[in-house]
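Below, each chain spelled out in residue letters.
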Amino acid sequence: MHAIDRRGFLVRSGLALSAALLSSEGFPLSRTSALEPATPADWQAVRNQFPLSRDLIHLAGFFLASHPTPVREAIERHRAGLDADPIGYWFAHEKTQEAAVLQAAAAYLAVDSTEIALTDSTTMGLGLLYGGLTLNREHEILTTTHDHYSTETSLRLRAERTGATLRRIPLYEDLHSVTQESLVETLVKAIRPRTKIVAVTWVHSSTGLKLPIAEMARAIQRLNASRAEKDRVLLCVDGVHALGVEDFRLSEVGCDFLIAGTHKWMFGPRGTGLVWGHPRAWPFAKATIPTFDSDAYDMWMRVIPPRPLPPAVSMTPGGFHSFEHRWALDQAFKFHQALGKSRVTRRIQDLNDQLKQGLAAMRRITLHTPLSHDLSAGIVCFEVAGMSPDQVVAELRRKGIVASVTPYATQYARLAPGLLNSEAEIETVLNEILVLAGNHF
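It should be emphasised that the depicted structure is a prediction, and the values quoted were computed from it without experimental measurement.

A. Spotlight on the packing of helix α13 (residues 329-339) against helix α14 (residues 341-360). Packing of α13 against α14 brings their axes to within 5 Å, and their N-to-C directions diverge by 80 degrees. As judged from the angle between their axes, α13 and α14 are roughly perpendicular. In contact with His336, Gln337 and Leu339 of α13, α14 contributes Lys341, Arg343 and Val344. When grouped by side-chain class, the residues that make up the contact of α13 with α14 number two nonpolar, two polar and two charged.

B. Local environment of the environment of glycine 261. As for its placement among the helices and strands, glycine 261 is situated in strand β7 (residues 257-261). Look at glycine 261 and you get buried, because its relative accessible area is 2%. Linking glycine 261 and glycine 125, residues 136 residues apart in sequence, is a C-alpha distance of 8.0 Å. Beyond its immediate stretch of four places on either side in the chain, glycine 261 contacts Ser121, Thr122, Val240, Leu243, Thr272 and Gly273.

C. Up close: the nonpolar core. If you look at the biggest cluster of nonpolar residues, it comprises 78 residues, and the most contacted ones within it are Leu109, Ile116, Leu183, Val198, Trp202, Leu250 and Leu258. It is helix α4 (residues 86-109) that provides the largest number of residues to this core, a total of seven residues. In this structure leucine 109 touches Ile116, Leu243, Phe248, Arg249, Leu250, Ser251 and Leu274, once residues within four positions along its chain are discounted.

D. Region of the structure containing the packing of helix α15 (residues 389-398) against helix α16 (residues 423-438). Two numbers describe how α15 lies on α16: the axes approach to 11 Å, and their chain directions differ by 130 degrees. Judged by the inter-axis angle, α15 sits oblique to α16. Our pair here, α15 against α16, has a crossing hand that is right-handed. Within the contact between the two elements, α15 uses Val392, Glu395 and Leu396 and α16 uses Glu432, Ile433 and Leu436. A class-by-class count of the residues in the contact of α15 with α16 yields four nonpolar, no polar and two charged.

Reading the values: the criteria
Residues numbered from 1 in each chain as written. Predicted model: local features only at pLDDT ≥ 70, side-chain atom pairs only at ≥ 80, totals over all residues. Heavy atoms only, no water. Axes fitted to C-alpha atoms, helices over the stretch in contact; angles between N-to-C directions. Helix = DSSP H or I, 4+ residues; strand = E, 2+ residues; numbered from the N terminus. Parallel < 35°, antiparallel > 145°, perpendicular 65-115°, else oblique. Contact = heavy atoms within 4.5 Å. Nonpolar A, V, L, I, M, F, W, Y, C, P; charged D, E, K, R; others polar. Buried < 20%, exposed > 50% of the residue type's maximum accessible area, 1.4 Å probe, protein only. Core = buried A, V, L, I, M, F, W, Y, C linked by side-chain atoms within 4.5 Å. Left-handed = near helix turned anticlockwise from the far one by under 90°.

The following block contains the structure:
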């Protein structure tokens, strides 16, 4: 057995072994709700999978997800097993369930499972990756003025520890005149000979702007063609508001790393996330937290000879996690796969089109998110004349509509139509915003 790549074996066979162990070791499998691929008439059935309050119109699901039935059932199944026999259940299922999660994530992203590290959130992933990048005083990190606090802080801390230079640039001056071409050109022109890391966010939670990540990646690849391998620019992407929204194969996107929480648009268990890295990029990142991978333990105990671990394995933090949540993550990926990735994208686009077009037609409303699908995803930011964003959100909440405020220096009211909304709900929201705008002349 030691001659076999045990992680590879587990990834290939984890699902079957997990089912067998669950049923044979005194931990019965509960009924799992099957969900057939959705058709346009099935979105109410999808909504019925979630225990969200029916008294509210939920337009902030990107913040923290409610769990659909298959995910809830998996969490409860693992929780019951851990409560009944913590050590027995952990030893019976840790390897196979982690393998099942990696397998499901890899199938969804269209990558190899050994390229994925599991984390607890986007912020943890950003901290682990950026905190472990191999940098020195000769290097520069290039990022933008539009990124989240977690990205900005993780990069600043790494620059302080390594002596690397951190430079932040705006990608545009006027959001309303932005084009894909201008965003790519601005980014590439800012890259200098010293630039080693380019860190960007796929969908900005500050404005709803979606970056043309694949086009940026291709432009950087062309630049890298004239560089030595050690000087190659790495493109790192916070993809949390693209994962579960955009229909993409990560193997075709072209970035070097993608970091995302899976408890937002993906509907994964709260406290889950991942970091994906291209095989050519992982060697530039070093782990900062010991992994609990079984091979690492066996080498430590000298049960097997020392040998390199896949970098993503080393990058997965060890220690004890909320295992009932981590081990249920595979069900979230399967849930989205059953719905159909392209259908999910079209549905979110349709609802966001309805909202954006309605807002754009209103007097005393300023829509900040671009109308184009090329430049926007599932987040819509706007202002109501004469009202602060906090006032708008409070008034909408009073009407049973859940909105949020962008947590940035420049703040807007923010809505995020998703799979759990209907056209009728969006129409209700538009009518309420029209009343707000009319009452604040």
